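A closer look at the structure
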Amino acid sequence: MMKRIIYALCTLVLTLLSLSLTACHKEEDALMTTLQLQVVGQDMIVEQIIASADLSNLNTSEVTSISITSGDGTTLSTLRGIYRITMQGTVTYRLSDGSQHTRRFRAAQDLVDVSRKHGNQVRLTLHLL
C-alpha cells in the first residue's frame, strides 16, 4: 500500500514538473515576414521603375499584387513561404557612357524562398522589351 502511494506521488510530481516546463516555453511561430524586392539590370544602373508585381505563394496558392513607383524596388510584408514572382513595367536606367534611357521590361523568378523571419531579399534581373 505504501509503495502505491509513493508511486502515485512520484507520478504526480513528474507530471506537474513536465507541465510547468512546457508552459514556460515561449513559442514563436511568426507567419509574416518582410521581403525586399530589388530590380537589377546587366550593364546598367537602374534609377527608377514603375511596375506591377505578382507574388504567387506556391504553398497556399495566394497571389499578392503590388505596385512599385519609386527607386529600384520596394519592401513589403508577406506570408512566409515559397513564391513565384513576376514583374512588368517601365524602367529608367543609365548606361556606363552616361546616357539615360526609358524602356519597358519584364522580370520573373521561380522558387523564391521567403521563409526567414527577417532579411528576405530578392534581386530580380530585368529583361528589356
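Everything that follows concerns the structure shown earlier in this document.
Predicted, not measured: the structure shown is a model, and the values here were computed from it.

**A few points about the sheet that holds strand β7 (residues 120–125)**
Reading across from one edge, β4-β1-β7 is the order of the three strands in this open sheet, with mixed pairing throughout. Of all the strands in the sheet, the pair left with one neighbour each is β4 (73–79) and β7. Shown here is a sheet whose adjacent strand axes are inclined to one another by a mean of 25°, direction ignored. Across six bridges, the pairing between strand β1 (residues 32–40) and β7 is parallel. Its bridge partner being in β7, L35 is matched across the sheet by N120.

**Section: the pairing of strand β3 (residues 63–68)**
Pairing of strand β2 (residues 45–57) with β3, which is carried by six bridges, proceeds in the antiparallel orientation. Bridged to L55 within β3 is T64. Count of turn residues in the β2/β3 antiparallel hairpin: five residues, of which S61 carries a positive phi of about 65°.

**Focus on the sheet that holds strand β8 (residues 127–128)**
Taking strand neighbours across the sheet as the criterion, the five strands line up as β3-β2-β5-β6-β8 in an open arrangement whose pairing is antiparallel. In the strand order of this sheet, the two ends are held by β3 and β8, each with one partner.

**Re the side chain of N57**
Within the secondary structure, N57 sits in strand β2. Only 3.3 Å separates the side chain of N57 from the backbone nitrogen of T60, close enough to count as a polar contact.

**What about the environment of T78?**
Relative to the helices and strands, T78 resides in strand β4. The exposure class of T78 is buried, given its relative accessible area of 5%. Between the C-alpha atom of T78 and that of N120, which follows or precedes it by 42 residues, the distance is 10 Å. Apart from the residues lying within four places of it in its own chain, the contact partners of T78 are L31, M32, T33, L35, Y83 and V114. There is a polar contact of 2.8 Å between the side chain of T78 and the side chain of Y83.

Reading the values: rules and limits
- Residues numbered from 1 in each chain as written.
- Predicted model: local features only at pLDDT ≥ 70, side-chain atom pairs only at ≥ 80, totals over all residues.
- Heavy atoms only, no water.
- Pairing = 2+ DSSP bridges.
- Helix = DSSP H or I, 4+ residues; strand = E, 2+ residues; numbered from the N terminus.
- Axes fitted to C-alpha atoms, helices over the stretch in contact; angles between N-to-C directions.
- Polar contact = N/O pair within 3.5 Å; in protein donor to acceptor, adjacent residues only side chain to side chain.
- Buried < 20%, exposed > 50% of the residue type's maximum accessible area, 1.4 Å probe, protein only.
- Contact = heavy atoms within 4.5 Å.

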